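# Residue-level structural notes
Take a look at the letters that make up each chain.
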Amino acid sequence: METVDRTAPAAVIVAIDGPAGTGKSSTSKAVAARLGLGYLDTGAQYRAITWWMLSNGIDVRDASAVADAAGKPVIVSGTDPAAPAITVDGADAAGPIRSQEVTGAVSAVSAVPEVRTLITDLQRSIAKEAPAGIVVEGRDIGSTVLPDADLKIFLTASPEVRAARRSGELKGKDAADLAATQAALAARDAADSSRKTSPLAKAEDAVEVDTSLLNLDQVVEAVVALIEEKRAAK
Ligand code: DC
């Protein structure tokens, strides 16, 4: 007879969306580690396919060339929040996907519907296989990829705070860097929000958390409390 462990918390699927620089990755990793959940960085998958396109001489501004090649790379994502891993055709992609070249090309590649269909399918299968549940971060997770997620969070922050956080990560902190970072983030948000297929969007039933005046620990506490509430109600 099958035994059911009634003391184990029910698996929980959490979607965390929002623009760049709102603390999505740091929050998602910390929340997943705290609660023993898996973690999936969907932006890393779009970056990985972009890196493959650039490495293989595909013109990323040519949507039909990108669409034709989209099925070729094999992208594998790890789900351990302590050691997020991503490979493309077996090669470690964690470093190269953070290059400026990839960051500058990823919005164009991720706007191609064939790319989104493939990556969305991959994300759904990873989420389905996470035994304890998973925190999935991105732009369209609550609205499109996992519309039945147990909890949807939409993180926001003011443009100034987001640029300051991103500049800090990039270790360039002078005023010119800050202005350039703010402009680059605004351009990427505009592209990600205006594309036709599954744009950056807050799902209707998402809880919006403005992180402008909160530190990481405070955001993590808020999200953990929301998840525990959902789990208790399951
Ligand atoms: O989170 P990030 O900055 O690493 O994401 C890189 C890009 O990938 C982002 O500019 C848009 C795209 N993206 C997307 O279209 N859908 C997602 N779910 C996640 C990222």
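The structure contained in this document is the topic of the report that follows. Along each chain, residue indices are assigned from 1 in the same order as the chain's sequence is written. Totals for whole chains, interfaces and linings use every residue, but because this is a predicted model, local features are given only for residues with pLDDT of at least 70 and side-chain atom pairs only at 80 or more, for both listing and counting. Side-chain numbers come from the whole structure's heavy atoms, not from hydrogens or water.

Let us now look at the site of the ligand. The environment of the ligand is made up of 16 residues, and the closest members are Arg47, Arg116, Asp140, Arg188 and Asp192. At 2.7 Å from an oxygen atom of the ligand is found a side-chain nitrogen or oxygen belonging to arginine 47. Nitrogen and oxygen atoms within 3.5 Å of one another constitute a polar contact, given that in protein one can donate a hydrogen and the other can accept it, and given that sequence-neighbouring residues count only through two side-chain atoms. In the model, an oxygen atom of the ligand is placed 2.8 Å from a nitrogen or oxygen of the arginine 195 side chain. Note on areas: Shrake-Rupley with a 1.4 Å probe; residue coverage comes only from the protein chains shown. Protein contacts shield 97% of the accessible area of the ligand, which totals 450 Å² for the unbound molecule. Elements represented by at least two residues in the shell around the ligand include exactly helix H2 (42-55), helix H4 (100-110) and helix H8 (175-194). Ranked by residue count, the leading element in the shell around the ligand is H2, at four residues. The residue classification treats Ala, Val, Leu, Ile, Met, Phe, Trp, Tyr, Cys and Pro as nonpolar and Asp, Glu, Lys and Arg as charged. All others, Gly included, are polar. Looking at the shell around the ligand, its residues break down into three nonpolar, five polar and eight charged. Proximity is defined per residue: if any heavy atom of the residue lies within 4 Å of a molecule or strand, that residue is considered near it. We count a stretch as a helix when DSSP gives it H or I for four or more residues in a row; a strand needs E for two or more, and each element gets its number in order from the N terminus.

We define a salt bridge as a side-chain nitrogen of Lys or Arg found within 4 Å of a carboxyl oxygen belonging to Asp or Glu. Using the criterion set out here, one finds eight salt bridges in the structure. The closest approach of N and O atoms between aspartate 41 and arginine 98, which form a salt bridge, is 3.2 Å. Here arginine 98 lies in the loop between strand S5 (91-92) and H4 and aspartate 41 lies in strand S2 (residues 38-41), a separation of 57 residues in the sequence. For aspartate 192, the salt bridge is made with arginine 195, and the minimal N-O distance between the two is 3.8 Å. Exposed residues in this analysis have more than 50% of their type's maximum accessible area, buried residues have under 20%, and partly exposed residues fall in between, with area computed by a 1.4 Å probe over protein chains only. Its relative accessible area of 5% is what places aspartate 192 among the buried residues.

Within the largest apolar cluster, 22 residues are counted, with the highest numbers of intra-cluster contacts made by Ile49, Met53, Ile75, Ile86 and Val115. Broken down by secondary-structure element, the contributors of at least two residues to this core are H2, helix H3 (63-69), strand S4 (86-88), H4 and helix H5 (113-129). If you tally residues by element for this core, the top one is H2, at six residues. Beyond its immediate stretch of four places on either side in the chain, methionine 53 contacts Ile58, Val60, Val66, Ala69 and Ala70. Residues belong to one nonpolar core when they are buried, are Ala, Val, Leu, Ile, Met, Phe, Trp, Tyr or Cys, and are joined through side-chain atoms within 4.5 Å. With 18 residues, the next largest nonpolar core counts Ile16, Leu37, Val135 and Leu155 among its residues. In what follows, a contact means two residues having at least one pair of non-hydrogen atoms within 4.5 Å.

Below, the discussion takes up H5. Given a helix with a known number of residues, its expected span is that number minus one, times 1.5 Å. Over its 17 residues, H5 runs 25 Å from end to end, which matches the ideal 24 Å to within 8%, given 1.5 Å per residue. All buried positions along H5 are accounted for by Val115, Arg116, Ile119, Thr120, Gln123, Ile126 and Ala127. Down the axis, H5 shows its buried residues gathered within 130° of arc, on one side only. Relative to its buried face, H5 has exposed residues pointing more than 90 degrees away, namely Lys128 and Glu129. Comment: arc refers to directions from the helix axis out to C-beta atoms.

Quick look at the packing of helix H1 (residues 24-35) against helix H9 (residues 216-233) now. In contact at an axis separation of 9 Å, H1 and H9 are set at 50° when each is read in the N-to-C sense. As judged from the angle between their axes, H1 and H9 are oblique. H9 is crossed by H1, and the crossing has right-handed handedness. Of H9, the residues touching H1 (which contributes Ser26, Thr27, Ala30, Val31, Arg34 and Leu35) are Leu216, Val219, Val220, Glu221, Val223, Val224, Ile227, Glu228 and Arg231. Residue composition of the contact of H1 with H9, by class: nine nonpolar, two polar and four charged. Only C-alpha atoms enter the line fits that serve as axes; for helices the fit covers just the stretch in contact. Angles between N-to-C directions range over 0 to 180 degrees. Angle categories are assigned with fixed cut-offs, so that under 35 degrees is roughly parallel, over 145 is roughly antiparallel, 65 to 115 is roughly perpendicular, and the rest are oblique. The crossing is said to be left-handed when, going from far helix to near helix, the turn is anticlockwise and less than a right angle, and right-handed when the turn is clockwise.

Its location among the elements puts aspartate 210 in strand S8 (residues 207-210). Sequence separation of aspartate 210 and lysine 234 is 24 residues, and the distance between their C-alpha atoms is 27 Å. When residues no more than four places from it in sequence are discounted, the contact partners of aspartate 210 are Thr156 and Ala157. A distance of 2.7 Å separates the side chain of aspartate 210 from the side chain of serine 212, its partner in a polar contact.

We note that aspartate 89 has phi near 50°; this positive angle belongs to a residue other than glycine. On the secondary structure map, aspartate 89 appears in the loop between S4 and S5. Residue aspartate 89 is classed as partly exposed on the basis of its relative accessible area of 46%. Look at serine 198: it is not a glycine, yet its phi comes out positive at around 35°.

Shape is all these values report; function is a separate question.
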